[in-house]
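# Examination of the molecular architecture
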Amino acid sequence: MNVASSTIVPTEAVSSEGVVAAGVYVDGRRVASIAIDEASSWRGRPGHVVWIGLHEPSLAVLTSVQRQFHLHDLAIEDADHAHQRPKIEQYGDGLFIVARTAQLVGGSIAFGETHLFVGEGYLVSVRHGASTSYAPVRERCESCPRALARGEDYILYAILDFIVDNYSPVLETIQEEVETMEALVLANGMGRAQIERLYLLRRDLLRLRNAVGPLVEVCRRLEHDNLAMVRASMQPLFRDVTDHVKTIQEQIDSLREVLAFAFEASLLVGQAQETAVSKKLASWLAIIAVPTAIAGIYGMNFKHMPELHWEYGYYMVVGIIATTCSVLFWRFRRAGWL
Amino acid sequence: MNVASSTIVPTEAVSSEGVVAAGVYVDGRRVASIAIDEASSWRGRPGHVVWIGLHEPSLAVLTSVQRQFHLHDLAIEDADHAHQRPKIEQYGDGLFIVARTAQLVGGSIAFGETHLFVGEGYLVSVRHGASTSYAPVRERCESCPRALARGEDYILYAILDFIVDNYSPVLETIQEEVETMEALVLANGMGRAQIERLYLLRRDLLRLRNAVGPLVEVCRRLEHDNLAMVRASMQPLFRDVTDHVKTIQEQIDSLREVLAFAFEASLLVGQAQETAVSKKLASWLAIIAVPTAIAGIYGMNFKHMPELHWEYGYYMVVGIIATTCSVLFWRFRRAGWL
Amino acid sequence: MNVASSTIVPTEAVSSEGVVAAGVYVDGRRVASIAIDEASSWRGRPGHVVWIGLHEPSLAVLTSVQRQFHLHDLAIEDADHAHQRPKIEQYGDGLFIVARTAQLVGGSIAFGETHLFVGEGYLVSVRHGASTSYAPVRERCESCPRALARGEDYILYAILDFIVDNYSPVLETIQEEVETMEALVLANGMGRAQIERLYLLRRDLLRLRNAVGPLVEVCRRLEHDNLAMVRASMQPLFRDVTDHVKTIQEQIDSLREVLAFAFEASLLVGQAQETAVSKKLASWLAIIAVPTAIAGIYGMNFKHMPELHWEYGYYMVVGIIATTCSVLFWRFRRAGWL
Amino acid sequence: MNVASSTIVPTEAVSSEGVVAAGVYVDGRRVASIAIDEASSWRGRPGHVVWIGLHEPSLAVLTSVQRQFHLHDLAIEDADHAHQRPKIEQYGDGLFIVARTAQLVGGSIAFGETHLFVGEGYLVSVRHGASTSYAPVRERCESCPRALARGEDYILYAILDFIVDNYSPVLETIQEEVETMEALVLANGMGRAQIERLYLLRRDLLRLRNAVGPLVEVCRRLEHDNLAMVRASMQPLFRDVTDHVKTIQEQIDSLREVLAFAFEASLLVGQAQETAVSKKLASWLAIIAVPTAIAGIYGMNFKHMPELHWEYGYYMVVGIIATTCSVLFWRFRRAGWL
Amino acid sequence: MNVASSTIVPTEAVSSEGVVAAGVYVDGRRVASIAIDEASSWRGRPGHVVWIGLHEPSLAVLTSVQRQFHLHDLAIEDADHAHQRPKIEQYGDGLFIVARTAQLVGGSIAFGETHLFVGEGYLVSVRHGASTSYAPVRERCESCPRALARGEDYILYAILDFIVDNYSPVLETIQEEVETMEALVLANGMGRAQIERLYLLRRDLLRLRNAVGPLVEVCRRLEHDNLAMVRASMQPLFRDVTDHVKTIQEQIDSLREVLAFAFEASLLVGQAQETAVSKKLASWLAIIAVPTAIAGIYGMNFKHMPELHWEYGYYMVVGIIATTCSVLFWRFRRAGWL
Ligand SMILES: [Mg+2]
Ligand SMILES: [Mg+2]
Ligand SMILES: [Mg+2]
Ligand SMILES: [Mg+2]
Ligand SMILES: [Mg+2]
Ligand SMILES: [Mg+2]
Ligand SMILES: [Mg+2]
Ligand SMILES: [Mg+2]
Ligand SMILES: [Mg+2]
Ligand SMILES: [Mg+2]
Ligand SMILES: [Mg+2]
Ligand SMILES: [Mg+2]
Ligand SMILES: [Mg+2]
Ligand SMILES: [Mg+2]
Ligand SMILES: [Mg+2]
Ligand SMILES: [Mg+2]
Ligand SMILES: [Mg+2]
Ligand SMILES: [Mg+2]
Ligand SMILES: [Mg+2]
Ligand SMILES: [Mg+2]
Ligand SMILES: [Mg+2]
Ligand SMILES: [Mg+2]
Ligand SMILES: [Mg+2]
Ligand SMILES: [Mg+2]
Ligand SMILES: [Mg+2]
Ligand SMILES: [Mg+2]
Ligand SMILES: [Mg+2]
Ligand SMILES: [Mg+2]
Ligand SMILES: [Mg+2]
Ligand SMILES: [Mg+2]
Ligand SMILES: [Mg+2]
């Protein structure tokens, strides 16, 4: 190990072109903040790990990073274009990993992407779109040098763990909304607003599933593939991330299925409501039928209609009408039609 | 084997921090109730098995257990946080197993979690949430020393068997409710209460499926993976548990599908009811049409309307109305519209 | 071979505790009817096969059988409790096989279970619930000694073949009912009775699928697993059973899917019927509108209404009403609304 | 090679018991038409291939064929009973292959079955049910001796290729009907006739899928399993058949899914139509409401109703009614309700 | 390497029978435009690659190409007939690859097919149907000789990459249309035009899925199968294409599922609209019921009806009618029925 370097005082050097942080670590402690161009010289020294964080970097910065670590053209192209599926690719003895991040912004999920280049002595993270800064990861790692001292595979673990942990609050918020909605739906059926919300939740959960699903395979390969990069002692850590991703995936699938149940319940509630309205309609029609028919008959202009001359004919007829309507009303009410 | 220890009289020592029971067994008989801190010293003696039962333990107790058996940080973290998927993980020569338990509480399923640490000479169970105590397992094991004498893999089997057996009453209750509901639905379609119940049953069964499903893989691995922990003679026992879990899973899947059928049948019944209401409505409308039209016509005030002056005109018209309405009523009834 | 034993005259000895038949066969011919307790002594002799048939035996009988053939506790427990999934389990050099049987009882499927213990020189069948007796299998086997002479694996084949063949009449009856129902549904949509029948058929077919499905795996293992029990020359027989089970399974799946189509067709037919009723309703409403409006107007009591004093006013108005109603009626009829 | 036999003039000999053709081929040329009983003697000669075609043969003929080529009892049983799934089975060094054929008969698919026995020096085809004769295959093969000279595996390929090619016209006809139907459905929704047609098409496609699906596996095994029967140079031919079956399967699946889309579109169209009818109904009701209410009021017999005595009261009221109705009509029309 | 040939000036020679381009490349530079008949002589020279592009060629041209590169009859047959599934087939040491291309033509997807023959020293592309010319690929390759110099596997990559890249604009356009439609649907439900569009989009996406899906397997085999044709250094390129195809496939699946959600949302919106119309209908019916009943009663011709003689009877009745109707109207409006 180059002891000299470990005595250098760490300094902060953030570039305007998308470089968030670039540091060198020895034994889990930051020994230098460096410029991209110096990276390859630091990386070479035994026991040194270069950790660079970029946010939507310019192509110039990416190309500069590429030169430092001899990264493959295709991986750099992906990191520049973004819109990749979560995946893990091995180029020579380096790894290229893509993960999608999720955050709740104004009630709907905003997705981001993180690209990670990892190799002997370095890790470069590239963030795109809506995505929390990895400053907390850096701080947590720096506050625990013993863990960080394990090297670049530990940093990789820390970032993936952070990404996966950040799915949870998103899911919890959706879970709560789904629970509120299901109470509403079962009570009153779905109005326009609920239908729209149901639709958007299903779409968002589908996208979240697409973001989380392939990550299972990424973590599984980090755990099982005996990559040169990942020491055996780190495999339980990646197994733990795999496990958390699977839990997230199960929750997403459950929510998706629950929303499908809610749709079907809503269809039944809606059908019941429509039938109730039709029953009301039929009941009123039957009730009006009585005065319409009776009054119509006594409104005819026949010369010879004896009832018209009875002294209490009018009261009798009004009584018959009132009684019949009341009986009908009462029977419809009892039958649950009114 | 340490013969001395097998002469110690068993005593009960339950801690207030979540320790339910902690005993040492030799040849299937409890030889001591111990404190957590003594566990590692007992565990080391040949033929001795330490069996510790915890219920929502404090982190302090968990950490103490961890020290005794050199458990992995990640497993302890899982046991502390709960909310894990059923799984089996090997750490060194110890196993960490998670299972979900289910109980009916007030008509809906309450879920709990059990975490098991098993290794050479020890088994630790950690219960979370709604979950039956394992006291019956302990009693049954202790009442059959010959079986218990087989060691920690037998205890593991006994607990998993107990968990799986406890799914059955839950399912039977749901099964009965589903059968009651299907009779109701086929007779009258679904009202608001049935729709809500259908929805909740589907949601509960989905959760139960998530709880039971991954356990198949856990048991299968205990049966097939030739784990150092599990002696060959125990494999038929774990195969039996696997088989019971699969039976449970099949019952859950059947119930889920039957509820989907019930939903679809309900949709058809609802549609038929709506059509029946519409037919009633149309029939009454047609019947009212007759007096409305006829009486309307003879209610007109034309000077020259000969019928109005006929002696029996009124009776004739009332007769025509009555006859026509009766014929219509009879035909609608015969056609099943009324 | 023990020649002496082959000269013993077969006698019938049916116990009251669930023993249907218990015989010893040599070279495909029954040489003795035995008591359970003698089984192990007969089984030991070269070329002898003990074939025992039980029907819902008492635990005592089962335990007695267990002692004779050294059967595993767990297998005996399954055979006692019933309610098992179809499966095949190897215990030492014996096999334990579970199959579900199906029979039509009063228009719905009644399920039974058969448990088979097979080993060198013996086969024990245990029947539970609705299940045809295996007397026909026994008779057929005894009538063809050359086949039966092949041994206990041939008996196993004969029973499985019998079980699978018995699914066919069940399916054919359901098939015919489905065809009757589909004609009805396409002609008139589903009434309450058809919906109930559709629901019950789907539930029965689901249960039948659960009964038949796992049997494919059982037969496949008898064909492929090179079990000590099954001689190579018998494998084409088990392949044939596998093939028949798969055919049954395909038919069940087809029927299930056809019923799903019937449900969907019924939904469309029901929707079309409802629309037809609404169209009728709207048509009659429009037709009544004419006399209602016109007669209403000429029923007003204005002093100055010249038409009322025309000599042919009344006839004119009645004519207009009749013409308009006829035209409307004719147009609605032409448009298919009436 | 037996040169003498190759000089024999081919003669036609069709039996009345189901033998369509039975010929011997050497170097791709027919050298003899034979009786079933001579088959085994011809088959033995080097370079000779016996090709027998049967159509619903009597059991006697089948048994005779069985004796000639030592076919297995179970295969003969299948060929006699028909109603088999597509499959390939190896018996000793012979193959038994089942395929289902499809033809359009009167707008719906009629299925047939073909059973093929192939072995060193012979091929026997057995046709059941609706199925094109293999005369065209025979003619095509005979017209190209170079190909036919390759032997019995080429004949097998030629027949399977013919069967698969015959699925295409069936599918094309269904495809065209589906396209006609989708235009109709999108324009007017489904009437009774379309619903019935949709139902029958889905049922037929399901059956076709069951007929075609397992054939993929049959062809794949002929291509990959290194069967003694199939020379390496023939494998691309079977790969080609596999590929065509997969294409057919994809088309069936697409059609099935398109019909599911058509069902769902039809449900929406039907719903839209019902809503349109309801809107019409509501509009007319509102329009009638005006004269009903106004004329009703002026039809009352109060002594003191000043309007009744106005000179132009009647015209005013009629005007008000006409105007209001027109305005309502115009607004409903503009809103798309009428 | 044949240096002489590399000095020949490239000339353009496009045949009228479907030959788009035919060139010879050495070290990534075009050294000659050739006639099909010369291909095999050029192909033999070390370091030379023949690249031929055909568009719906005549069978004569195809046969000529076949002779030059000894292509298999079945592959030529496929290339002549088109209507193939995407696939990769190895014939000797040559590859035959089929891919489907997609373009948007007038709002719906037009599909084409490309067939590629690749072997040591040559690549032949055959285009069918709606398909962009590969001129841009040729230009891009020629403008970067260093890449092209890698040989025929690079050309293969370049063409597949081009095909896959061309799916993206198609999907983006559909994506935008889906987003427009979902806004519309959630606001107003689906009209006839939207239902038709939904149906056609689902059908087109299904076809696109069938076109893209099998390509994953084609690319995966080019990446993993260690084909003689594909050098190790080219595998990351094919992995990149695989990855892009998978991304496309995920987008298609998402769109398909989103359209299924839209269908279901539309069903709910439609149901809500129908209920709203029924509520309006019922409200108006109830409101008309008031004047109908009251005016009907006072329109009766009874001699003894005291109200008729009250001075303000008429005003009172009109007042009652107006008040009741207003109250009803107001209550219905408040309840959201009007
Ligand atoms: Mg869940
Ligand atoms: Mg969960
Ligand atoms: Mg789930
Ligand atoms: Mg589901
Ligand atoms: Mg759905
Ligand atoms: Mg569902
Ligand atoms: Mg979980
Ligand atoms: Mg079941
Ligand atoms: Mg079950
Ligand atoms: Mg099931
Ligand atoms: Mg289903
Ligand atoms: Mg369903
Ligand atoms: Mg449905
Ligand atoms: Mg079961
Ligand atoms: Mg079928
Ligand atoms: Mg079938
Ligand atoms: Mg099927
Ligand atoms: Mg369906
Ligand atoms: Mg079949
Ligand atoms: Mg297709
Ligand atoms: Mg296709
Ligand atoms: Mg499909
Ligand atoms: Mg498809
Ligand atoms: Mg569907
Ligand atoms: Mg195709
Ligand atoms: Mg993507
Ligand atoms: Mg997506
Ligand atoms: Mg996507
Ligand atoms: Mg998806
Ligand atoms: Mg869906
Ligand atoms: Mg649906």
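Just so it is clear, the model here is predicted, and its values are computed rather than measured.

What follows is about the overall build of chain A. Across its full length, chain A holds 10 helices and seven strands. In summary, chain A has a C-alpha radius of gyration of 35 Å against a globular reference of 20 Å for 338 residues, an excess of more than 25%. With the C-alpha coordinates of chain A rotated into their principal frame, the extents come out at 125 × 35 × 35 Å. Here chain A, with 338 residues, has 59% of them falling under the buried criterion. Summarising the internal contacts of chain A: among those between residues at least 6 apart in sequence, 64% fall at separations of at least 24. As presented, chain A carries roughly 13500 Å² of accessible surface, and 54% of it is formed by carbon and sulfur atoms. A distance of 6 Å separates the average location of the 31 positive side-chain charges in chain A from that of its 39 negative side-chain charges.

Of the transformation superimposing chain A on chain E, the axial component is 0.0 Å and the angular component is 72°, with the fit at an RMSD of 0.1 Å. Here the transformation between the copies is reduced to the relation of a five-fold axis. No C-alpha of chain A approaches the rotation axis more nearly than that of A:Gly299, which lies at 4.7 Å.

In contact at an axis separation of 9 Å, helix H7 (residues 167-188) of chain C and helix H8 (residues 192-224) of chain D are set at 155° when each is read in the N-to-C sense. Classified by the angle their axes make, H7(C) and H8(D) are roughly antiparallel. Where H7(C) abuts H8(D), its residues C:Gln175, C:Glu179, C:Glu182, C:Leu186, C:Ala187 and C:Asn188 lie against D:Arg192, D:Ile195, D:Glu196, D:Tyr199, D:Arg203 and D:Arg207. In terms of residue class, the contact of H7(C) with H8(D) is made up of four nonpolar, two polar and six charged.

Counting 490 residues, the largest nonpolar core has A:Leu222, B:Leu222, C:Leu222, D:Leu222 and E:Leu222 as the members making the most contacts within it. Dropping the residues within four chain positions of it, D:Leu222 is found in contact with D:Ile88, D:Leu95, D:Ile97, D:Leu156, D:Leu160, D:Leu227, D:Val230, D:Gln235 and D:Phe238. The next biggest cluster of nonpolar side chains, apart from the first, holds 117 residues, and it includes A:Met305, B:Leu281, B:Val290 and D:Met305.

This part is about the interface of chain A and chain E. Contacts between the two partners involve 54 residues from chain A, matched on the other side by 51 residues from chain E. Interface of chain A and chain E: buried area, both sides summed, is about 4700 Å²; carbon and sulfur atoms make up 63% of it. Inspection of the chain A/chain E interface yields seven salt bridges. We note a salt bridge from A:Glu89 to E:Arg239, for which the minimum N-O separation is 4.0 Å. The interface formed by chain A and chain E includes 17 residue pairs in polar contact (both at pLDDT 80 or more). Looking at the side of chain A that touches chain E, the elements with two or more residues in it are helix H3 (73-81), strand E4 (87-91), helix H8 (192-224), helix H9 (235-298) and helix H10 (313-334) of chain A.

Across the contact, 51 residues belong to chain B and 54 residues belong to chain C. Buried area between chain B and chain C, both sides added, is near 4700 Å², and the carbon and sulfur share of it is 63%. A per-residue breakdown of the area chain B buries against chain C is headed by B:Leu186, B:Leu268 and B:Phe302, which together make up 14% of the total. At the surface where chain B touches chain C, the tally comes to seven salt bridges. Every element with two or more residues in the side of chain B that touches chain C is listed here: helix H7 (167-188) and helix H9 (235-298) of chain B. Looking at the side of chain B that touches chain C element by element, the count peaks at 34 residues for H9(B). Its residues assigned to classes, the side of chain B that touches chain C shows 24 nonpolar, 14 polar and 13 charged.

The smallest C-alpha distance separating chain B from chain D is 9 Å, and no contact links them. A minimum C-alpha distance of 9 Å separates chain B and chain E, which share no contact.

All names here are of chain B. Counted by the stated rule, this structure contains 60 aromatic pairs over all chains. With a centroid separation of 4.9 Å and 35° between ring planes, the pair formed by Phe 96 and Phe 117 is classed as tilted. You can see Phe 96 sitting in strand E5 (residues 94-105) and its partner Phe 117 sitting in strand E6 (residues 108-119), a full 21 residues away along the chain. Take Phe 96: its relative accessible area is 0%, and that puts it in the buried class. The class for Phe 117 is buried, based on a relative accessible area of 3%. Ring geometry for Phe 332 versus Trp 337: centroids 6.2 Å apart, planes at 35°, classification tilted. Taken individually, Phe 332 and Trp 337 each receive the classification buried, so the pair is uniform in this respect.

What follows concerns the confidence of the model for chain A. Residues and elements named next belong to chain A. Per-residue pLDDT for chain A averages 89, and the proportion of residues at 70 or more is 95%. Of all the helices and strands in chain A, helix H5 (residues 145-148) carries the lowest mean pLDDT, 84, while helix H6 (residues 152-165) carries the highest, 95. Across residues 1-14 the pLDDT falls below 50, and counting only partners more than four positions away or on other chains, this stretch makes 28 contacts in the model.

Time to look at the pairing of strand E7 (residues 122-129) of chain B. Residues and elements named next belong to chain B. Among the eight residues of E7, seven are classified as buried, and the element is accordingly described as predominantly covered. Alignment of strand E3 (residues 48-55) against E7, held across six bridges, turns out to be parallel. Each residue of the ladder has a partner; that of Trp 51, found in E7, is Leu 123. As judged from the eight bridges shared by E6 and E7, these two strands associate in the antiparallel manner. The residue of E7 that forms the bridge with Thr 114 is Arg 127. Between E6 and E7, which pair antiparallel one after the other, the connecting turn spans two residues, and Gly 121 there sits at a positive phi close to 85°.

Now for the side chain of C:Thr275. Its location among the elements puts C:Thr275 in helix H9 (residues 235-298). Among the polar contacts listed, one links the side chain of C:Thr275 to the backbone oxygen of C:Gln271, at a separation of 2.9 Å.

Let's shift gears to the domain arrangement of chain A. By convention, interface size is frequently given as the accessible area that disappears when the constituent parts associate. Partitioning chain A into structural domains gives domain 1 (19-268) and domain 2 (271-334). Averaged C-alpha coordinates put domain 1 of chain A and domain 2 of chain A at centres separated by 72 Å.

Residues and elements named next belong to chain B. Read across the sheet, seven strands follow the order E2-E1-E3-E7-E6-E5-E4 without closing on themselves; strand pairing throughout is mixed. The sheet terminates laterally at strand E2 (29-33) and strand E4 (87-91), the two strands that pair on one side only. Across the sheet, the axes of successive neighbouring strands diverge by a mean angle of 25°, strand direction being ignored. Across four bridges, the pairing between strand E1 (residues 19-26) and E2 is antiparallel.

Calculation criteria
Residues numbered from 1 in each chain as written. Chains lettered and ligands numbered in written order. Predicted model: local features only at pLDDT ≥ 70, side-chain atom pairs only at ≥ 80, totals over all residues. Heavy atoms only, no water. Helix = DSSP H or I, 4+ residues; strand = E, 2+ residues; numbered from the N terminus. Rg over C-alpha atoms; globule rule 2.2 N^0.38 Å. Buried < 20%, exposed > 50% of the residue type's maximum accessible area, 1.4 Å probe, protein only. Contact = heavy atoms within 4.5 Å. Areas by Shrake-Rupley, 256 points an atom, 1.4 Å probe, with all protein chains shown as cover. Lys, Arg positive; Asp, Glu negative; His and termini not counted. Charge placed at Lys NZ, Arg CZ, Asp CG, Glu CD. Least-squares fit on C-alpha atoms with pLDDT ≥ 70 in both. Axes fitted to C-alpha atoms, helices over the stretch in contact; angles between N-to-C directions. Parallel < 35°, antiparallel > 145°, perpendicular 65-115°, else oblique. Nonpolar A, V, L, I, M, F, W, Y, C, P; charged D, E, K, R; others polar. Core = buried A, V, L, I, M, F, W, Y, C linked by side-chain atoms within 4.5 Å. Buried area = accessible area lost by both parts, 1.4 Å probe. Salt bridge = Lys/Arg side-chain N within 4 Å of Asp/Glu carboxyl O. Polar contact = N/O pair within 3.5 Å; in protein donor to acceptor, adjacent residues only side chain to side chain. Phe/Tyr/Trp six-rings, centres within 6.5 Å; stacked < 30°, edge-to-face > 60°. pLDDT = per-residue confidence, 0-100. Pairing = 2+ DSSP bridges. Domains from an automatic or database assignment.

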